[in-house]
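This is what each chain is made of:
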Amino acid sequence: MRPSRLAALVPLAALAAGALSPACSIANVPSNAMPMVRSRAVSDLDCPDKDVRVEEQIGGQFKAVGCGRKAYYRAACEALRCVVSGEGEAAVPWRDRPEPAEVDLQRDRLP
C-alpha cells in the first residue's frame, strides 16, 4: 500500500514549524522587553520618560538615548518573562534565578 501525499507532507510541516519557532520567540523579545528596557533607561540615564528614545537593535539588544547620555541593554525573554541587563552586566540564566517569593522573603528579613 502506497502512503498518501498528505502523510508525506507531515515530516515537512514539522520541520517548517520547528524552523519558525525560534524566529517567533526572537520576534517577541522587543515587544515583551520594551517596558523593562524603557524603565531601566529612565533610571540609568536620570532622564524623564518623555525624553528617552529606545531603539531596538538586532538579537534582543537595545540602545537608549536621552538627556545627552546613552546606554545599551540586552534582553532575554521566555514567554512573557523577560530579563534586561545593562552593558557590562552578566545576564542571569532563568534556572539560576530565585523564585520571586524567595526574594520577597529575603527583602523582608533585612533590617
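Right above here is the structure, for reference.
1. Some points on the overall build of the protein
Inference 1: In terms of helices and strands, the protein carries 2 helices and 4 strands.
Inference 2: Taken from N to C terminus, the helices and strands of the protein fall in the order α-β-β-β-β-α.
Inference 3: Of all 111 residues assigned to the protein, the portion counted as buried reaches 19%.
Inference 4: Considering only contacts within the protein whose residues lie at least 6 apart along the sequence, 30% involve residues at least 24 apart.
Inference 5: A total of about 8400 Å² of accessible surface is found on the protein, and carbon and sulfur atoms cover 60% of it.

2. Comments concerning the nonpolar core
Inference 1: The biggest cluster of nonpolar side chains holds 14 residues, and the ones touching the most others in it are V37, L45, F62 and Y73.
Inference 2: Of all the elements in the fold, those that place two or more residues in this core are α1 (5–45), β2 (61–66), β3 (69–78) and β4 (81–86).
Inference 3: By residue number, the principal contributor to this core is α1, which donates 4 residues.
Inference 4: For L45, the contacting residues outside a window of four places in its chain are V52, A64, V65, G66, R69, K70 and A71.

3. Describing the pattern of salt bridges
Inference 1: What the rule picks out here adds up to 5 salt bridges.
Inference 2: We note a salt bridge from R40 to D44, for which the minimum N-O separation is 3.3 Å. Here R40 pairs with D44, and both are found in helix α1, just 4 residues apart, close to one helical turn.
Inference 3: Since its relative accessible area comes to 24%, R40 is described here as partly exposed.

4. Topic: the sheet that holds β4
Through backbone hydrogen bonds, the strands of a sheet pair up, either in parallel or in antiparallel fashion.
Inference 1: The strand order across the open sheet built from 4 strands is β1-β2-β3-β4, with neighbouring strands paired in antiparallel fashion. Each of the sheet's edge strands pairs with one partner strand only, and the pair in question is β1 (53–56) and β4. Strand-to-strand twist in this sheet, taken as the mean axis angle between neighbours without regard to direction, amounts to 30°.
Inference 2: Two elements, β3 and β4, share 6 bridges in a ladder whose sense is antiparallel. Within β4, the residue paired with C77 across the bridge is C82.

5. Considering unusual backbone geometry
Inference 1: The phi dihedral of D46 falls on the positive side, at around 50°, and the residue is not glycine.
Inference 2: If you trace the backbone, D46 turns up in the loop between α1 and β1.
Inference 3: The exposure class of D46 is exposed, given its relative accessible area of 62%.
Inference 4: Here the phi dihedral of C67 falls at roughly 55°; this positive angle occurs in a residue that is not glycine.
Inference 5: For C67, a relative accessible area of 39% translates into the label partly exposed.

Quick notes on the rules
Residues numbered from 1 in each chain as written. Predicted model: local features only at pLDDT ≥ 70, side-chain atom pairs only at ≥ 80, totals over all residues. Heavy atoms only, no water. Helix = DSSP H or I, 4+ residues; strand = E, 2+ residues; numbered from the N terminus. Buried < 20%, exposed > 50% of the residue type's maximum accessible area, 1.4 Å probe, protein only. Contact = heavy atoms within 4.5 Å. Areas by Shrake-Rupley, 256 points an atom, 1.4 Å probe, with all protein chains shown as cover. Core = buried A, V, L, I, M, F, W, Y, C linked by side-chain atoms within 4.5 Å. Salt bridge = Lys/Arg side-chain N within 4 Å of Asp/Glu carboxyl O. Pairing = 2+ DSSP bridges. Axes fitted to C-alpha atoms, helices over the stretch in contact; angles between N-to-C directions.

No statement about biological role is implied by the geometric values presented.
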